[in-house]
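As a plain string of letters, each chain reads:
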Amino acid sequence: MFNIPSFMGFDKAGFGDPDALAFFARVTAAGGSLTTTEKAAVNTLVITLKANSLWTPMKAIYPMVGASAAACAQNLKSSSFTGTFSSGWTFASTGVESTAANGYMDTQLRASTSLSTSSAQLSVYINTAPNGNQFLAHGTLDGFLQTNGGAIYGSLATSSFSFVSNTDNAAFYMVNRQGASTLKLIKNSSVQLTATTTGTAYTSTQNILLNAYTTTTFINNCRYAFASIGDGLTDTQSGNLYTAVHAFNTTLSRQN
Amino acid sequence: MIGYTLTPEQKDLIQGQYYAPYQFFNCFKDINDIWFLFLSDQDKPEVEASEYAWVLDLPEAEYIPPPAPPFPPVI
């Protein structure tokens, strides 16, 4: 069941969820700014995530609001894992997009030290079509999420990656390790694949990158309007996360 | 696609360096092993205000991507 909070917790005086307010403060301190609509949308997103038991499992949430590197680099969940962007990105109210080959955002989050091998997830919400980019990855096959050539690919804590056929379009994508031996590939609210793979370890010593390890061939990158990294989710939770994120982006008129 | 071209020495001067608090240079080679840098329109004022403003005076050229790597990629 998806819980829609009856109390939005945000008014003209700036009252809001404490975690949303802390995020707004980080954006401001970084030199960024948010519109009233963006603040309201973020506040509602935080409240909705909490109402659906989705806040606690998250380690990093990038809502990609504020139309600047300073704002989009901020992690909604906490002051940890503030991102940095390589050259060539554009930042707009519609999301963030690398206009260069090899453009990426470093999340500063390392799977080997921050993610469980039996419970983890990576997700993105893109509102333009993908082009073979790895949405989130850390340089080895035991941690990535990607669409390419008509398939969703993903793995967490095993180099035995999973894949399932896909229409490579703008959508919400997730690789979700639900347990020591269960990994799921998800598109929007639907589980596309349930794979039996045993999570053993994250071998990479690199941070997880957004728009990661795109080759210099893949120039036309997709536009990101949300990304998250965290603990594994139940099917109900992952469906609710899609609903919340899609509603968030609909509020901002940038839904896919 | 047009980008700035750099000598290896120029690349070494800027690769990974921050031109704004949350943005850093990332250069890469084209099919002919020439170093390239792409900057978005939003990047340029930030670079111009930094100690790396000279980058904006670098010659520009058409970027030709190298062949696609094997898939799935292994780093």
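Refer to the structure presented above.
Just so we're clear, the structure is a prediction, and the values are computed from it rather than from any experiment.

A. Structural detail: the sheet that holds strand β2 (residues 84-86) of chain A. Strand order across the open sheet formed by 9 strands is β10(A)-β9(A)-β8(A)-β7(A)-β14(A)-β5(A)-β2(A)-β3(B)-β2(B), with mixed pairing between neighbours. The open sheet terminates on both sides in strands that have one partner only, identified here as β10 (162-165) of chain A together with β2 (18-20) of chain B. By the bridge criterion, 2 bridges tie strand β5 (residues 105-106) of chain A to strand β14 (residues 209-212) of chain A in an arrangement that is antiparallel. Bridging from a neighbouring strand, A:M105 pairs with A:L210 of β14(A).

B. Representation of the pairing of strand β9 (residues 151-156) of chain A. Residue and element names in this part refer to chain A. β9 sits mainly inside the fold: 5 of its 6 residues count as buried. In this structure, strand β8 (residues 143-147) lies alongside β9, joined through 5 bridges in antiparallel fashion. Note on β9: the bridge partner recorded for L145 is G154. In sequence, β8 turns back onto β9 through a hairpin of 3 residues, with G149 there showing a positive phi of about 60°.

C. Highlighting the nonpolar core. Core analysis: the biggest nonpolar cluster contains 96 residues, and A:A69, A:V124, A:L136, A:Y224, A:F226 and B:L37 have the highest contact counts within it. With residues up to four places along the chain from it excluded, the contact list for A:A69 reads A:F85, A:W89, A:F91, B:A20, B:Y22 and B:Q23.

D. Region of interest: the sheet that holds strand β5 (residues 35-37) of chain B. Residues and elements named next belong to chain B. Read from one edge to the other, the open sheet built from 4 strands follows the order β4-β5-β1-β6, with strand pairing classed as antiparallel. Unpaired on one side and paired on the other, β4 (28-29) and β6 (60-62) mark the two borders of the sheet. Relative to β6, strand β1 (residues 2-6) is paired through 3 bridges, and the arrangement is antiparallel. In the strand pairing of β6, I2 is matched with E62.

E. Summary view of unusual backbone geometry. Residues and elements named next belong to chain A. Located in the positive-phi region is F81, a residue other than glycine, with phi close to 55°. Along the chain, F81 turns up in the loop between α3 (69-72) and β2. By C-beta crowding, F81 is classed as buried, having 22 other C-beta atoms within 10 Å. For A157, which is not a glycine, the phi torsion comes out positive at approximately 70°. Here A157 lies in the loop between β9 and β10.

F. Highlighting helix α5 (residues 235-251) of chain A. All names here are of chain A. Given a rise of 1.5 Å per residue, 17 residues ought to cover 24 Å, and the 24 Å separating the end C-alpha atoms of α5 matches this to within 8%. For α5, the full list of buried residues reads S238, N240, L241, Y242, A244, V245, F248 and N249. Buried-residue contacts for α5 involve α2 (36-51), β6 (120-126), β11 (172-177), β12 (182-187) and β15 (223-230). Downstream of α5 by a residue or two, S253 has a phi angle that is positive, lying close to 55°.

G. Inspection of helix α1 (residues 18-29) of chain A at higher detail. Residues and elements named next belong to chain A. With 12 residues, α1 should cover 16 Å at 1.5 Å per step; its first-to-last C-alpha distance of 16 Å lies within 8% of that length. Buried residues of α1: A20, F23, F24 and V27, and no others. Projected down its long axis, α1 carries its buried residues within an arc of 100°, all on one side. For α1, the exposed residues lying more than 90 degrees away from the buried face are P18, A25 and A29. Taken together, the buried residues of α1 touch α2 and α3. Backbone geometry just downstream of α1 places G31 in the positive-phi region, at approximately 100°.

Rules behind the numbers
- Residues numbered from 1 in each chain as written.
- Chains lettered and ligands numbered in written order.
- Predicted model: local features only at pLDDT ≥ 70, side-chain atom pairs only at ≥ 80, totals over all residues.
- Pairing = 2+ DSSP bridges.
- Helix = DSSP H or I, 4+ residues; strand = E, 2+ residues; numbered from the N terminus.
- Buried ≥ 20, exposed ≤ 12 C-beta atoms within 10 Å, placed from the backbone.
- Core = buried A, V, L, I, M, F, W, Y, C linked by C-beta atoms within 7 Å.
- Contact = placed C-beta atoms within 7 Å.
- Expected span 1.5 Å × (residues − 1).
- Arc of directions from axis to C-beta.

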